[in-house]
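Results of the structural survey
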Amino acid sequence: MAKPRKPKNDDAKPDNSGPVVRHQKLCLSIDLANRRIYGYTELKIMVPEMGIVGLHAENLGIESVSVDGEPTEFEYYPHSNHRDSESERDWSSVTSPSSAADAAGSSYLSALERELVPNLLINCCKAFKAGSEVQEQVVVVVENEAAQQSSEEAKQNLRLVRIDYWVEKAETGIYFCNNVLHTDNQMRRARCWFPCMDDCSQSCCYDLEFTVARNLVAVSNGSLLYQVLSKDDPPRKTYVYRLDVPVSARWISLVVAPFEILPDHQSGLISHMCLPANLSKLRNTVDFFHGAFSCYKDYLAVNFPFGSYKQVFIEPEMAVSSLSSGASMSIFSSQVLFDEKIIDQTIDTRIKLAFALARQWFGVYITPDAPNDEWLLDGLAGFLTDLFIKKYLGNNEARYRRYKANCAVCRADDSGATALSSTASCKDLFGTQCIGIYSKIRSWKSVAILQMLEKQMGPESFRKILQTIVSRAQDKTRSLRSLSTKEFRHFANKVGNLERPFLKEFFPRWVELCGCPVLRMGFSYNKRKNMVEVAVLRGCTEMSDSSASTVNANSESEKRDSDSGWPGMMSIRVHELDGTFDHPVLPMAGETVQLLEIQCHSKLAARRFQKPKKGSKLDGADDNGDATPALDIRSSMESPLLWMRADPEMEYLAEIHFNQPVQMWINQLEKDKDVVAQAQAIAMLESLPQLPFSVVNALNNFLIDSKAFWRVRIEAAFALANTASEDTDWAGLLHLVTFYKSRRFDANIGLPKPNDFHDIPEYLVLEAIPHAVAMVRAADQKSPREAVEFVLQLLKYNDNNGNSYSDVFWLSSLIQSVGELEFGQQSIVLLSSLLKRIDRLLQFDRLMPSYNGILSVSCIRSLTHIALKLMGFVPLDRVFELVKPFRDIKAIWQVRVEASRALLDLEFHCKGIDAALALFMRYLDEEPSFRGQMKLAVHAMRLCKAPNLIWSAKRS
C-alpha cells in the first residue's frame, strides 16, 4: 500500500529560526536630473529569538534604521567593498586562457556565495552584540532550522523595521538614461535599489509610493490606488500602488518616464505605455493583445491573478534585456513595436508579448519550488504561448515552430547542461544555463516534454491539471504558490490518469537526464504476406565521450540509463492506396535493434492499372483532392504503399531518419497536408546524393502552390537553390527566377513591377527568393553570373511608390543577399554596381533612418562580408573608413553596435585577436548603453573562439 502523501503546510514553511517578512512598504522620491533616489522602506518582520535581522542591500547609502519607531544599531557590509584574497591569488596565477577561465569561474562562484549572506544586520532587541559575533550568528541562522514557534510567540515577535536610505551612482539593478529610470531585477538585484530579503523563498505583499516630477509617470506593481499632486514649487506627483498578492522581492519593478498611456480598448485591467514618439506604433502593435489575454483566461478558467497588467516599452538602448518581468507588469524594448506599414515584425512581436503574459501565470504568480523545478514553470509558460499561436496565428505556424524547435533540441541535447532537473544543470552551473543558446534549448525542451505528456493523457486532462494548479494557487489560505516537479507528477497520475510505472520512467528519463532518441529506420514490403517489415536502430544524442560533458558528474551511469531507452510506444503511419492507418507498434525501450511487422490493409490483386484522366495535371495532382493520382498508382504496382511516417503527431522528442524510396518522399511532399511532413520531405529530397528531375519538379510545384504554408514554401525555395548545379542544367535556379518573375515582373517590358505586398504570405515567400538565388553555387563554389545579375536587377529597379506597406525589410533582404554572393571571374565586374547601390542606400538611410535602422545594419553587414571574402582585392582600410562614421554616438543604437561589430571583425582578420581585443576594450568604454556593451562582449567572445575553431578545422 502506498504511503499517504504528506500535505504541504504552506503557513508553517517560513516559520523557522530566521526572520520572515510579512509586509513591506516602499516610499521613494526620484530625482532623475541628479540620478538620485532617496526615501525609506518599512518591513513588518517576524524577528527570531536572537533579535538580529539580516537583510540584503547593495550599493545603498543607509542613513538610519529604527525598530517600532525607536532608533537602533545596525551594521552594513557592502559586498562591492569586499576584497577576496583567494580570488586575487587566482588572478595573480593566470598564465594562459584556460587558467584565466578557471580564475574567472572561481571569482564568479565566490561572489555568488558572498551574496547569499545578508549584509545589513539590524538589532531588533536592546542587547546588541559586537559585529563579528552578529555575523557569526547570522550565518548560523541562515544554515540552521529551528522548531516552529507558536502563533502567540510569533505575534509577540512582529517588529516594524524602518530603513531610511538613498541610491546614488547606481551600477546595476536600477538604471538611469536621460529622463527614464527602470529596474531589472536579474539574479538577486532587487537589493541594489531597496533593502529587502532578496530570496525566492520569502514573499509578502507590498505598498509602493513613488514621488516624481509632475511630467513623469511612475509605473510599478499591483493596482494604482491614486495619485497625489504636491504643493511644492515646482509641483511633484506621487503614485501609490498596492500589491495584494505576495511575491518575492525579485518581482518588484519600477519604471519612471514621460509615458503616454494607452488603456486597452477591451479590458480595463490592461494598460500599455510607451514614450510619446512611439504612440502610433504602440496602438498598432497591441491591437491583438486582448485575444491573448482572453485565450489564457478561458483555457485556465480563472481570472488574471493580479489586479492589473501593464506593458511598458522603453527605448532599446535603455533596456538591459528585451524583456524584464515583474508582478503584474512587463518591461519590453520598444524595438518590438511596429506601425501598420511593417509586415515582418508582426509575428515575432505578438509571440513575445504573449509569452510575457504567460510568464505572469507561470513564473511570477506561480513560482518554482526549487531550482530543479524552474524548467516546469518555463515549460508551462511556453505551453500557454503555443496555445495562443495555434489559436491566433494558425495550427500550421504552431506545428512548424514546434517541429523546428524539436530539431534544434535534438541537435543540442547532448550534455549535462540540457538536463532540465538535475543538480549538475541547476546548481553547479549557477544560473548560467539560462543564458544564451542553452536557455532557448532548455525552454524548447521543457515545452516539448509537456506536450508529450499532453499527448499521452489527452488535451482535456492536461488542461484540467493546469486549471487545478492555478485554482489551488488562488486559495487565499495558502501563503506560498510554488509548484514542484514532484507535485506535477502527482497531478499527472491523479488528474491525468497516467499510470505510475509510466511516470516513474518518464520524468527521470526526460527531465533528469539529457539526450534524445535517434531512430534510423528502413522497410521492405513482403508481397506474399502483404506486410511491411520495418527495421529500427535506436541510439541517443548524448555524447559518448564523458569528457565532452563537463557538467555531468555521473555521465557513465546516465549513459547506461540512456541505453535502456524511453517509456512508451511510437506510432508509424502508413499511407496506402486504400487510406491512412496508424500503428503504435514501436517500443522505445528494450532492444536497440528491432524488426517490426505491419499488416497492410490494401490489396494489390484488386487493383488494376488506371490510365490518367483526361485533363489531369502532368504531375499527377488532380484538381479533385480525393482522387488517387495516376502517378501514385503507377509507383505502387509493386506495393500498396504511398508513403510512411514515424511519429507523425510529434509525440516524441526524437531525431528520426526514415529511409524510403524517392517517389514516396515526393508523394509525401505533394499529398500530405501536414506542414511537418512537407518539411521533412523537403529536407530528405534536398539531401539526396543524386537529384533526378522529378525531385526538382516536385520542389518547384510545391513552391508555386499558393495554398501551401508559406514557411514550407520558403524551405522548398532554398532546397531548389541547393539542387541547382551543372548536373541538373541549373534547373533549380531557373525555377526560382521564373517563379519570381511570374509574380513580380511586367511581362511586356521584362522589368520588375512596382511593389505590392497585399498578399502577405506571397510577399514573405518572394522576399526569400533573392536569398535562395544568392546561395546557388557553381562547381568552383562561386555564384553563377545569372544569380548576381538577378539580385542586381532587383536592387536597381525596386519601386515602392503606391505600395501601402514599407519595403524596408524587402530592401534589407536584397542587401543581405548581396553579402551572400560569391564573386568569380565572370561576375566580379558587377560588384562595383552592387556596391554603388549599397552605398546609396546607406547614405539615404543615414539621412532618413529606417525602422530600427535595419537598412543600415544590413548594408554594414553585407559590406563587411564582401570585404572579408575579397580581402586580396578590396583594401580593408577603405571599408574600415566607410563603416567608422556609423559608430557616431548619435546614431541609432542598432546601427552603432553593428558598426562596432563590423570593425572588430575587420580588425581581427587584418591584425589578429590581440588587436581586435584591444579595439574591443576601447569600444566598450565608448559605448554608452549597457545593452550595447553586452552585445559587443558577446561578439568578442565569438572572436576568441574563432582561432580555436579554425585550428580544429585544419586538424580535422
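Residues numbered from 1 in each chain as written. Predicted model: local features only at pLDDT ≥ 70, side-chain atom pairs only at ≥ 80, totals over all residues. Heavy atoms only, no water.

With antiparallel pairing, three strands are arranged side by side in an open sheet as β26-β25-β28. Because the sheet does not close on itself, it has two edges, and the strands there are β26 (579-589) and β28 (641-646). Taking each pair of neighbouring strands and ignoring which way they run, the sheet shows an average axis angle of 20 degrees. Here strand β25 (residues 565-576) runs beside β28; their pairing, made up of five bridges, is antiparallel. The partner of V574 across the bridge, within β28, is M644. (Pairing = 2+ DSSP bridges. Helix = DSSP H or I, 4+ residues; strand = E, 2+ residues; numbered from the N terminus. Axes fitted to C-alpha atoms, helices over the stretch in contact; angles between N-to-C directions.)

As for its position among the elements, N803 is in the loop between α23 (785-796) and α24 (808-820). Judged by its relative accessible area of 12%, N803 falls in the buried class. Looking at N803, its side chain comes within polar contact range of the side chain of N800, at 2.9 Å. (Buried < 20%, exposed > 50% of the residue type's maximum accessible area, 1.4 Å probe, protein only. Polar contact = N/O pair within 3.5 Å; in protein donor to acceptor, adjacent residues only side chain to side chain.)

A contiguous nonpolar patch, built from Y108, L109 and M187 and spanning about 230 Å² of accessible area, is present on the exposed surface. Here Y108 lies in helix α2 (residues 97-116). (Patch = residues over 30% accessible without salt bridge, like charges linked within 9 Å, V, L, I, M, F, W, Y side chains within 5 Å. Areas by Shrake-Rupley, 256 points an atom, 1.4 Å probe, with all protein chains shown as cover. Salt bridge = Lys/Arg side-chain N within 4 Å of Asp/Glu carboxyl O.)

Glancing now at the pattern of salt bridges. One pass over the structure, following the stated rule, counts 32 salt bridges. Among the salt bridges present, the one from D378 reaches R359, with a minimum N-O distance of 3.9 Å. In this pair, D378 sits in helix α8 (residues 374-393) while R359 sits in helix α7 (residues 346-361), placing the two residues 19 residues apart along the sequence. By relative accessible area, which is 18% here, D378 ends up buried. A salt bridge links R573 to E649, with the shortest nitrogen-to-oxygen separation between them at 3.0 Å. Residue R573 is located in strand β25, and its partner E649 is located in the loop between β28 and β29 (655-659); the two are separated by 76 residues in the primary sequence. Taking the relative accessible area as the measure of exposure, R573 reaches 15% and is therefore buried. For E649, a relative accessible area of 30% gives the class partly exposed. Sharing partners across several salt bridges, the network here consists of R399, R573, D582, R645, E649, D672 and D674.

Before going further, it helps to spend a moment on the packing of helix α20 (residues 710-723) against helix α22 (residues 760-774). Relative to each other, α20 and α22 sit at 20 degrees, their axes nearing to 9 Å. What the angle tells us is that α20 and α22 run roughly parallel. By crossing handedness, the relation of α20 to α22 is classed as right-handed. Two secondary-structure elements touch here, α20 through W710, R713, I714, A717, F718 and A721 and α22 through P761, E762, L764, V765, A768, I769, H771 and A772. The residue makeup of the contact of α20 with α22, split by class, is 11 nonpolar, one polar and two charged. (Parallel < 35°, antiparallel > 145°, perpendicular 65-115°, else oblique. Left-handed = near helix turned anticlockwise from the far one by under 90°. Contact = heavy atoms within 4.5 Å. Nonpolar A, V, L, I, M, F, W, Y, C, P; charged D, E, K, R; others polar.)

What follows covers the packing of helix α21 (residues 731-744) against α22. With their axes 10 Å apart at the nearest point, α21 and α22 run at an angle of 140 degrees to one another. Crossing geometry of α21 relative to α22 is assigned as left-handed. Every residue of α22 that contacts α21 at L733, L736, F739, Y740, R743 and R744 is listed here: E762, V765, L766, I769, P770, A772 and V773. Its residues assigned to classes, the contact of α21 with α22 comprises 10 nonpolar, no polar and three charged.

In this structure, R645 sits in strand β28. R645 sits in the buried class, given a relative accessible area of 2%. The contacts of R645, once residues within four sequence positions are left out, are S571, I572, R573, Q668, D672, D674, V676, A677 and Q680.

Bringing helix α18 (residues 675-686) into the picture now. Here α18 contains 12 residues, and its C-alpha end-to-end distance of 16 Å stays within 8% of the 16 Å for a straight helix at 1.5 Å per residue. Looking at the packing, one finds that the buried side of α18 touches α9 (395-412), β28, α17 (662-671), α19 (693-703) and α20. (Expected span 1.5 Å × (residues − 1).)

Here we come to the packing of aromatic side chains. Within this structure, the stated rule accounts for 28 aromatic pairs. Seen in terms of ring centroids, F383 and F462 are 4.7 Å apart; in terms of plane orientation they differ by 50 degrees. Their pairing is tilted. Highlighted residues: F383 in helix α8 and F462 in helix α12 (residues 459-473), separated in sequence by 79 residues. Exposure remark for F462: the relative accessible area of 0% places this residue in the buried category. Ring centres of F757 and W810 lie 5.0 Å apart, and the angle between their planes is 35 degrees; on these two criteria the pair is classed as tilted. Of this pair, F757 sits in the loop between β31 (751-752) and α22 while W810 is found in helix α24, placing the two residues 53 residues apart along the sequence. Overall, the relative accessible area of 1% leaves F757 in the buried class. Grouping aromatic residues by their ring pairs yields a cluster made of F288, F289, F293, F304, F306, Y309, W361, Y365, F388 and Y392. (Phe/Tyr/Trp six-rings, centres within 6.5 Å; stacked < 30°, edge-to-face > 60°.)

The next point concerns the pairing of strand β8 (residues 158-168). Of the strand pairs in this sheet, strand β2 (residues 36-46) and β8 are connected by 11 bridges, and their pairing is antiparallel. The residue of β8 that forms the bridge with G39 is Y165.

Attention now goes to α21. Under the 1.5 Å per step criterion, the end-to-end length of α21 is 20 Å for 14 residues, consistent within 8% with the ideal 20 Å. Taken as a whole, α21 has its buried residues at A731, G732, L733, H735, L736, V737, F739, Y740 and R744.

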